[in-house]
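# Remarks on the overall topology
The residues making up each chain are set out below.
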Amino acid sequence: AYTAGYRVYYGTASGSYQWSFDAGNQTSAPINLSPGSRYYFVVRAYNASYEHGPPSAEASIDLSSAGPTAQITATLQSSNTALLTWQT
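Bear in mind the structure is a predicted one, so any value in this text is a computation, not a measurement.

## Digging into the packing of aromatic side chains
Within the structure shown, the criterion is met by four aromatic pairs. Pairing Tyr10 with Phe41 gives two aromatic rings, centres 5.9 Å apart and planes at 25°, and the pair type is stacked. With Tyr10 in strand E1 (residues 5-11) and Phe41 in strand E3 (residues 38-46), this pair connects stretches of sequence that are 31 residues apart. The buried category is assigned to Phe41, whose relative accessible area is 16%. For the pair Tyr46 and Tyr50, a centre-to-centre distance of 5.1 Å together with 25° between the ring planes defines the contact as stacked. A network of ring pairs unites the aromatic residues Tyr10, Trp19, Phe21 and Phe41 as a single cluster.

## So, the pattern of salt bridges
If you walk through the whole model with that rule in mind, you get one salt bridge. With its nearest N and O atoms 3.3 Å apart, the salt bridge here joins Arg38 to Asp62. Pair noted here: Arg38 is in strand E3 and Asp62 is in strand E4 (residues 59-62), with a separation of 24 residues, a long-range link.

## Regarding unusual backbone geometry
Within the chain, Tyr50 stands out as a residue other than glycine whose phi angle is a positive 60°. Structurally, Tyr50 can be placed in the loop between E3 and E4. With a relative accessible area of 56%, Tyr50 lands in the exposed category.

Cut-offs and rules
Residues numbered from 1 in each chain as written. Predicted model: local features only at pLDDT ≥ 70, side-chain atom pairs only at ≥ 80, totals over all residues. Heavy atoms only, no water. Phe/Tyr/Trp six-rings, centres within 6.5 Å; stacked < 30°, edge-to-face > 60°. Helix = DSSP H or I, 4+ residues; strand = E, 2+ residues; numbered from the N terminus. Buried < 20%, exposed > 50% of the residue type's maximum accessible area, 1.4 Å probe, protein only. Salt bridge = Lys/Arg side-chain N within 4 Å of Asp/Glu carboxyl O.

Structure below.
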């Protein structure tokens, strides 16, 4: 059976994935993550019958140490423009 697509599983504990999404036949996809945790990921391929293969090796990314944050302000300049200002 050939690979029809990929499902990405991820969560904040190794081996335990709270979320997943179907990446279709793409081999990369953006994921929005919240700072403050380490995230763990695996990918499983599936065929046209949605039979899933075994998970990939687990990968992780550490977002537990918060980086600099920016204070941002938006000020209305006219009926359809705003001025954004920020500082770190």
